[in-house]
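An overview of the molecular structure
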Amino acid sequence: MERLKLVLQYFQSNSESISNGICIILALVSVKLYTSFDFNCPCLPQYNRLYSLGVMVVPPIILFFLGVLINRHTGVMMDEWMRPIGNRSKNPAVVKYLFSAMIQRALLAPMVWILVTLLDGKIFICAFSVSVDPALFSGMPNNTGLDVIKIMAKVPCKEDIIFRNISFHKAVSRYVRCYSQAVGWSILLFLIILGALARLIKPCFDDHATFLQTRYWSNYLDVEQKLFDETCVLHARDFARKCVVQFFEDMREDTILRLPHPLFITNHQEEWEDEEERLHGISKQEQVDQLLDKWYYNKPELDVTRIAHRPRTSVTWEDRGGKTLYSDV
Amino acid sequence: MDKFRMMFQFLQSNQESFMNGICGIMALASAQMYSAFEFSCPCMPEYNYTYGIGLLIVPPIWFFMLGFVLNNNVSVLAEEWKRPTGRRRKDPSILRYMFCSITQRSLIAPAVWVSVTLMDGKSFLCAFSINLDIERFGNLSLIKGMSEAEKIKLLAKIPCKDLFAHQETRVAATKYIKCISQACGWMFLLIMTFTAFMIRAIRPCFTQAAFLKTKYWSHYIDIERKMFDETCKEHAKSFAKVCIHQYFENISGEMRSFHRHRSCKDDSDDDDDEDKRRSDEEKLLGIRAQDDMNKVLWNWHTCKPALALRKDQIDGENNGRLNGEANGALNGFVKGHTHDVGKKEWAVYYSKV
């Protein structure tokens, strides 16, 4: 239980690691999808290649779109790209960084699918069994009355009656599977070398200082959007509570004079202080609408000196004669 | 047990993730139901098509309706749609947003059922076996000399393993139709994913500002409803407490007042009771009669309040608190200004430093 909590906390600690986690989950889903999919080669010359290439190409496209969809950075990137300038200048490097990060993560699951299909070999066998030269193998059944192409097209279907008691189809399958696995391993090797080279050579081409800034500001945008959503939610909650209480109090029949409070203080009122803080003075529908409009059309500048040094209200108590009894100043 | 509680808490932490959880559960249930269901094609020309296509279409409709039933937001949407305008305007874009998000979530389980059915291929095989061109798969001797009706009857038996004699032809035909079924399934998935991608990824290009507003206000409506229910519950509790207390006091009214005059000392118990009673009275928020409460509940639907909090109400509470402190802390006269003129004895002087 503790371990699970730790793992969840680690992944939630920063949004990049959440994206990585989701990316890995999608890759695992892709493997599971392949193993549970019932590959069914039609064993007909006209349709073999079409079916196999379809199964090799269409699921990666679907997985790519899914990868882009469930990545949080897609929304952040689109927002940053499409927003009006407002008070905050736009930095194209940040958008490019977010885009490349998103694409890299979205490409993982499709690559996993393609590699798994190649290493397994069924699809290659289905697609390319008609292209194999049958003279390389002995034992081809020649008493069936079917022509060569049709026989070769039936090779992926092991249980077909023409292959009973002979091992011709097994030999051909093995041969094509070899090719398939060779292609699969080569692609994997190529990708790994590409990744390693990119990592090693990047510092020569990229300015690391600029890269640090870009990474900081992309993370900042993500965090800012999350916090804005959270603040909106908290605000809505307090607005709702006050609205409901105000509604109840408006229904009062008898007038009640506002007399001075007796000596005690209830906890109820301390809660109101905190809640009033959370409303930040936004207490009307038009104000909320204006706030949300401005957030999109006129994003604020990245400068928080005002709030860090804002004046505090402090209290001074004076007696009847004007003498200061106590002061917060 | 602990694991379930943590998962439950995480899902309930916010309404959207709770709905996503339900959505995921329904998708899994739909896949599980398909694998548990025993597909049995009737293998008769008149019923094959109806059975096959019916099984492809009717359960998704059922799952879609179930999605609507299980979603709490449906009643919120219906209430917001049908309420009289009252003092609060109605915004059709909020209704549209809520309807779209409910529909999107309800479409996931049906989509899972349709893709699983198409990938499996049995329903297509059952529905379309009679449209097959049998010459492609087997020797023509099978159908030589048969009339049209007999040929169709034979083809209709293809989905049933034990009814069709020639296994190779059956296997070849099954593979062929399953191929087509799987191709349709992958195309269906591709179209759904692409549509979702267009909606999610391209939408920020248009109407982002309006989207922020509708998202906020639809969330607000949901929260307000919950707050109203909570406030009503608290009110009912306090109402009941005060009512019962008053009843007891009325019954033994003379005895208690006699007692109080005899013993003028404050017991700590009495003080606590007084405090509790006062806080209960405050929780009543001024609504102390059945008719008043009925009016509150009636007006909540027929005449929703405007979305504008009064500033003096917020400030009045603060002043009350400070005054209370002043009363307790000091015995001098404190100068300043408040909103409630005249009645207050104490006041406070503010300065911004």
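Before reading on, note that the structure itself is shown above.
Quick look at the structure, then. (Residues numbered from 1 in each chain as written. Chains lettered and ligands numbered in written order. Predicted model: local features only at pLDDT ≥ 70, side-chain atom pairs only at ≥ 80, totals over all residues. Heavy atoms only, no water.)

1. A word on the overall build of chain B
Assigned secondary structure in chain B consists of 14 helices and one strand. Counting every position in chain B, which comprises 353 residues, the buried fraction comes to 39%. Counting only carbon and sulfur atoms, one obtains 61% of the accessible surface of chain B, whose full area is about 21,000 Å². (Helix = DSSP H or I, 4+ residues; strand = E, 2+ residues; numbered from the N terminus. Buried < 20%, exposed > 50% of the residue type's maximum accessible area, 1.4 Å probe, protein only. Areas by Shrake-Rupley, 256 points an atom, 1.4 Å probe, with all protein chains shown as cover.)

2. Considerations on helix α9 (residues 168–205) of chain A
Residue and element names in this part refer to chain A. An ideal rise of 1.5 Å per residue puts 56 Å on 38 residues; α9 measures up with 55 Å between its terminal C-alpha atoms. Along α9, the largest kink reaches about 30° and is centred on Arg 199; proline Pro 203 follows within four residues of it. Next to the buried residues of α9 lie α6 (108–120), α7 (122–128) and α8 (148–154). (Expected span 1.5 Å × (residues − 1). Bend = angle between axes of the 7 residues up to and from the residue. Contact = heavy atoms within 4.5 Å.)

3. Some thoughts on the nonpolar core
Residues Phe248(A), Val288(A), Tyr216(B), Trp217(B), Tyr220(B) and Phe228(B) are the most contacted members of the largest nonpolar core, which totals 38 residues. Among the elements of the structure, α10 (208–250) and α12 (285–297) of chain A together with α4 (73–82), α5 (92–106), α10 (208–251) and α13 (290–302) of chain B are those that each provide at least two residues to this core. Once you skip the residues sitting within four places of it in the chain, Phe228(B) turns out to touch Val244(A), Phe247(A), Phe248(A), Leu297(B) and Trp300(B). Formed by 34 residues, the second largest nonpolar core is a distinct cluster that contains Tyr51(A), Leu63(A), Val132(A) and Met119(B). (Core = buried A, V, L, I, M, F, W, Y, C linked by side-chain atoms within 4.5 Å.)

4. Quick notes on the packing of helix α3 (residues 48–70) of chain B against α5(B)
All names here are of chain B. The geometry of α3 relative to α5 is characterised by a closest axis approach of 8 Å and an angle of 130° between their N-to-C directions. Classified by the interaxial angle, the pair formed by α3 and α5 is oblique. Regarding α3 and α5, the two cross each other, and that crossing is right-handed. Listed contacts from α5 to Phe 64, Gly 67 and Phe 68 of α3 are Phe 99, Ile 102, Thr 103 and Ser 106. For the contact of α3 with α5, the class distribution of residues is four nonpolar, three polar and no charged. (Axes fitted to C-alpha atoms, helices over the stretch in contact; angles between N-to-C directions. Parallel < 35°, antiparallel > 145°, perpendicular 65-115°, else oblique. Left-handed = near helix turned anticlockwise from the far one by under 90°. Nonpolar A, V, L, I, M, F, W, Y, C, P; charged D, E, K, R; others polar.)

5. As for the environment of Asn219(A)
Looking at where Asn219(A) falls in the secondary structure, it is placed in helix α10. On a C-alpha basis, the gap between Asn219(A) and His235(A) in space is 24 Å, while along the polypeptide they are 16 residues apart.

6. Structural notes on the state of the cysteines
This structure, assessed with the given rule, holds four disulfides over all chains. Through a disulfide, Cys41(A) is tied to Cys126(A); the S-S separation comes to 1.8 Å. Looking down the S-S bond of the Cys41(A) and Cys126(A) bridge, the torsion is 85°, so its handedness is right-handed. Taken together, the residues Cys41(A) in the loop between α2 (15–36) and α3 (48–70) and Cys126(A) in helix α7 connect sequence positions 85 residues apart. By the burial criterion, Cys41(A) is buried, and Cys126(A) matches it. With a sulfur-sulfur separation of 1.8 Å, Cys41(B) is cross-linked through a disulfide to Cys126(B). Judged by the sign of its S-S torsion, about 85°, the cystine formed by Cys41(B) and Cys126(B) is right-handed. Of the two residues, Cys41(B) sits in the loop between α2 (15–36) and α3 while Cys126(B) sits in helix α7 (residues 122–128), which places them 85 residues apart along the sequence. Note on accessibility: Cys41(B) and Cys126(B) belong to one class, buried. Bonded cysteines in chain B are paired 1-3, 2-4 when counted in the order they occur along the chain. Among the cysteines around Cys184(B), which has no disulfide bond, Cys179(B) carries the closest sulfur, lying 11 Å off. (Disulfide = S-S within 2.5 Å.)

7. Description of the pattern of salt bridges
Across all of its chains, the model carries twelve salt bridges over all chains by this definition. Among the salt bridges present, the one from Asp120(A) reaches Lys122(A), with a minimum N-O distance of 3.4 Å. For Asp120(A), a relative accessible area of 27% puts it in the partly exposed group. Given the relative accessible area of 35%, Lys122(A) is considered partly exposed. Of the charged contacts, one joins Lys213(B) and Asp293(A) as a salt bridge, the two residues approaching to 3.1 Å between their closest N and O atoms. Remark: Asp293(A) occurs in helix α12 and Lys213(B) occurs in helix α10; the pair is interchain, linking two chains. (Salt bridge = Lys/Arg side-chain N within 4 Å of Asp/Glu carboxyl O.)

8. Details of the side chain of Asn48(B)
All names here are of chain B. Along the polypeptide, Asn 48 turns up in helix α3. At a separation of 2.9 Å, a polar atom in the side chain of Asn 48 contacts the main-chain amide nitrogen of Cys 43. Residues in contact with Asn 48, not counting those within four places in the same chain, are Cys 41, Pro 42, Cys 43, Cys 126, Ala 127, Ser 129 and Ala 156. (Polar contact = N/O pair within 3.5 Å; in protein donor to acceptor, adjacent residues only side chain to side chain.)

9. Section: a positive patch on the surface
Among the surface-exposed residues, Lys158(A), Lys170(A), Arg174(A) and Arg177(A) lie close enough to one another that they form a single positively charged patch. Secondary-structure assignment places Lys158(A) in the loop between α8 and α9. (Patch = residues over 30% accessible without salt bridge, like charges linked within 9 Å, V, L, I, M, F, W, Y side chains within 5 Å. Lys, Arg positive; Asp, Glu negative; His and termini not counted. Charge placed at Lys NZ, Arg CZ, Asp CG, Glu CD.)

10. Quick word on α5(B)
Within an α-helix, residues lying three or four positions from one another point in the same direction, as the helix has 3.6 residues per turn. The end-to-end C-alpha distance of α5(B), which contains 15 residues, comes to 21 Å, matching closely the 21 Å that a straight helix rising 1.5 Å per residue would cover. Within α5(B), burial applies to Ile94(B), Leu95(B), Tyr97(B), Met98(B), Ser101(B), Ile102(B), Thr103(B), Arg105(B) and Ser106(B).

11. Some points on a nonpolar patch on the surface
A grouping of Leu189(A), Ile193(A), Leu197(A), Leu200(A), Ile201(A) and Phe205(A) is seen on the molecular surface, where their side chains present a nonpolar patch of about 650 Å² in accessible area. With respect to the secondary-structure elements, Ile193(A) resides in helix α9.

12. Quick look at the packing of aromatic side chains
The full count for this structure, using the stated rule, is 30 aromatic pairs over all chains. When the centroid spacing of 5.5 Å and the interplanar angle of 90° are considered together, the rings of Tyr34(A) and Trp113(A) count as edge-to-face. In this pair, Tyr34(A) is assigned in helix α2 and Trp113(A) in helix α6, connecting sequence segments 79 residues apart. Side by side, Tyr34(A) and Trp113(A) carry an identical accessibility label, which is buried. Their ring planes at 55° and their centres at 5.3 Å tell us that Phe65(A) and Phe194(B) sit as a pair that is tilted. Taken as a pair, Phe65(A) in helix α3 and Phe194(B) in helix α9 (residues 167–202) lie in two separate chains rather than in one. Residue Phe194(B) is classed as partly exposed on the basis of its relative accessible area of 37%. Joined through ring pairs, the aromatic side chains of Tyr34(A), Phe37(A), Trp113(A) and Trp186(B) make up one cluster. Cation over ring: Lys202(A) sits above Phe211(A), and NZ or CZ is 4.4 Å from the ring centre. In this structure, Lys82(B) packs its charged tip against the face of Trp81(B), placed 5.3 Å from the ring centre. (Phe/Tyr/Trp six-rings, centres within 6.5 Å; stacked < 30°, edge-to-face > 60°. Lys NZ or Arg CZ within 6 Å of the ring centre and 35° of its normal.)

13. Description of the packing of α3(A) against helix α5 (residues 92–106) of chain A
The geometry of a pair of packed helices is captured by two quantities: the angle between their axes and the separation between those axes. All names here are of chain A. Contact geometry for α3 and α5: axes closest at 8 Å, N-to-C directions at 135°. For the element pair α3 / α5, the angle class is oblique. In the crossing of α3 with α5, the sense of the turn from one axis to the other is right-handed. Across the interface between the two elements, Phe 64, Gly 67 and Val 68 of α3 pack against Met 102, Ile 103 and Ala 106 of α5.

14. Re the side chain of Thr214(A)
On the secondary structure map, Thr214(A) appears in helix α10. Every residue in contact with Thr214(A), bar those within four places of it in the chain, is listed here: Ala93(A), Val94(A) and Tyr97(A).

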